[in-house]
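Here is what each chain is made of, one letter per residue.
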Amino acid sequence: MGSSRVRVQIVDARNRPVGSARRCDMRRLQMWHRAVYIFVLDQHDRLCVQQRTPWKDIFPDYRDLCAGGVVDAGETMACAARRELQEELGLSLALTPCLTLHFEDGMNAFGSVFLARYRGEPMTLQASEVSSVEWLTLDEALALEDATPDSYQALKTLADKNLMPRPV
């Protein structure tokens, strides 16, 4: 089944589950849904930043400041975070929940943000979504002009709340 046909969890404007819809319909109709954001940090507190493929359905060729995606129907946020991290980067890392956000302005998503620590495990990039990765400092990542708006906002919120480690 193509990713646009996957059924995702649909919620109301207060984040209460109200059913499911195909991903393509959720995007087209701008339905409220849930998403996860997993910021992967190396031993130097640099972020794993993904270059998105040119054929992504939204924000093609942009850079994602985190791994992540929408929550499938019936899936918990933690399960979705583990799944997305495994799918996009081929990693199974311990996740630390940090905060929840909500995005309006057409995104209509409730997001759960997680941190994960990378210690050199082998990475396998999801060819359909990730062209390459690079490791950037927090300041370098926040200075990018081609970052996806939601990953940028999630990272900015983490930084503003002093939840992101900074190199000393």
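Above this text is the structure in question.
Everything numeric in this text was worked out from a predicted model, so none of it was measured.

A.B. asks: Even after reading the chapter, I still don't get the overall build of the protein chain, so can you show me in this structure?
C.D. replies: Tallying secondary structure elements over the protein chain gives four helices and nine strands in all. Going from N to C terminus, the protein chain has its helices and strands arranged as β-β-α-β-β-β-β-α-β-β-β-α-α. Taken against the 2.2 N^0.38 rule, which gives 15 Å for 168 residues, the C-alpha radius of gyration of the protein chain at 15 Å falls within 12% of a compact globule. In terms of overall dimensions, the protein chain has C-alpha extents of about 45 × 35 × 30 Å along its principal axes. The buried share of the protein chain, reckoned over its 168 residues, is 47%. Considering only residue pairs separated by 6 or more positions, the protein chain has 62% of its internal contacts joining residues 24 or more positions apart. Of the roughly 8500 Å² of accessible surface on the protein chain, 50% is carried by carbon and sulfur atoms. The average position of the 20 basic charges and that of the 23 acidic charges among the side chains of the protein chain differ by 6 Å.

A.B. asks: So what exactly am I meant to see when it comes to the packing of aromatic side chains here?
C.D. replies: Two numbers describe a pair of aromatic rings. These are the distance of the centres and the angle of the planes. Per the counting criterion, the structure on display carries four aromatic pairs. Pairing Tyr37 with Phe103 gives two aromatic rings, centres 5.7 Å apart and planes at 55 degrees, and the pair type is tilted. Of this pair, Tyr37 sits in strand S3 (residues 33–41) while Phe103 sits in strand S7 (residues 95–103), placing them 66 residues apart in sequence. Residues Tyr37 and Phe103 agree in their burial class; the two are buried.

A.B. asks: Would you mind showing me how to read the layout of surface pockets here?
C.D. replies: Gaps left between atoms show up when a probe the size of a water molecule is rolled over them. The volume enclosed by the largest pocket comes to roughly 790 Å³. Together, 40 residues line the largest pocket, and Arg23, Arg27, Lys56, Asp57 and Gly69 are the ones closest to its centre. Broken down by secondary-structure element, the contributors of at least two residues to the lining of the largest pocket are helix H1 (23–29), S3, strand S4 (47–52), strand S6 (67–70), helix H2 (77–89) and helix H4 (149–160). Among the residues forming the lining of the largest pocket, the class breakdown is 15 nonpolar, twelve polar and 13 charged.

A.B. asks: In this structure, what is going on with the side chain of Asp12? I would like to understand it.
C.D. replies: Topologically, Asp12 is positioned in the loop between strand S1 (7–11) and strand S2 (17–22). The class for Asp12 is buried, based on a relative accessible area of 19%. For Asp12, the side chain forms a polar contact with the main-chain nitrogen of Arg14, separated by 2.8 Å. Residues in contact with Asp12, not counting those within four places in the same chain, are Val18, Trp32 and Phe110.

A.B. asks: What is the right way to read the pairing of S1 from this model?
C.D. replies: If a strand is regular, its side chains alternate between the two faces of the sheet. Counting buried positions along S1 gives four out of five residues, so the element sits mostly inside the fold. Pairing of S1 with S2, which is carried by five bridges, proceeds in the antiparallel orientation. Residue pairing in the sheet places Ile10 in a bridge with Gly19 of S2. What sits between S1 and S2 in their antiparallel hairpin is a turn of five residues, with Asn15 showing a positive phi close to 70 degrees.

A.B. asks: Any chance you could explain unusual backbone geometry here in plain terms?
C.D. replies: Leaving glycine aside, a negative phi is the common case for residues, and trans is the common case for peptide bonds. Even without glycine at this site, Phe59 takes up a positive phi of about 50 degrees. The exposure class assigned to Phe59 is partly exposed, which follows from its relative accessible area of 24%.

A.B. asks: For this particular structure, what's the right way to read the pattern of salt bridges?
C.D. replies: Side-chain pairs of opposite charge can arise whenever the charged atoms involved come near each other. Throughout the structure, instances matching the rule amount to 15 salt bridges. The partner of Asp45 in a salt bridge is Arg117, with the nearest N and O atoms 2.8 Å apart. You can see Asp45 sitting in the loop between S3 and S4 and its partner Arg117 sitting in strand S8 (residues 109–117), a full 72 residues away along the chain. Glu87 serves as the salt-bridge partner of Arg83, at 3.4 Å between the closest nitrogen and oxygen. Placement of both Arg83 and Glu87 in helix H2 is noted, with a separation of four residues, approximately one turn of the helix. Judged by relative accessible area, which is 19%, Arg83 ranks as buried.

A.B. asks: How do you make sense of the state of the cysteines when you look at a structure like this?
C.D. replies: One covalent bond between the sulfur atoms of two cysteine residues makes up a disulfide. Across all of its chains, the model carries zero disulfides by this definition. For Cys79, which is in no disulfide, the shortest distance to another cysteine sulfur is to Cys98 and amounts to 18 Å. Unpaired in this structure, Cys98 has its nearest cysteine sulfur neighbour in Cys66, at a distance of 11 Å.

What counts, and where the lines are drawn
Residues numbered from 1 in each chain as written. Predicted model: local features only at pLDDT ≥ 70, side-chain atom pairs only at ≥ 80, totals over all residues. Heavy atoms only, no water. Helix = DSSP H or I, 4+ residues; strand = E, 2+ residues; numbered from the N terminus. Rg over C-alpha atoms; globule rule 2.2 N^0.38 Å. Buried < 20%, exposed > 50% of the residue type's maximum accessible area, 1.4 Å probe, protein only. Contact = heavy atoms within 4.5 Å. Areas by Shrake-Rupley, 256 points an atom, 1.4 Å probe, with all protein chains shown as cover. Lys, Arg positive; Asp, Glu negative; His and termini not counted. Charge placed at Lys NZ, Arg CZ, Asp CG, Glu CD. Phe/Tyr/Trp six-rings, centres within 6.5 Å; stacked < 30°, edge-to-face > 60°. 1 Å grid on protein atoms, 1.4 Å probe; cavity = no way out; pocket = protein on both sides within 12 Å on 5 of 7 lines; lining within 4 Å. Points joined across faces, edges and corners; volume = space filled by probe spheres on them. Nonpolar A, V, L, I, M, F, W, Y, C, P; charged D, E, K, R; others polar. Polar contact = N/O pair within 3.5 Å; in protein donor to acceptor, adjacent residues only side chain to side chain. Pairing = 2+ DSSP bridges. Salt bridge = Lys/Arg side-chain N within 4 Å of Asp/Glu carboxyl O. Disulfide = S-S within 2.5 Å.

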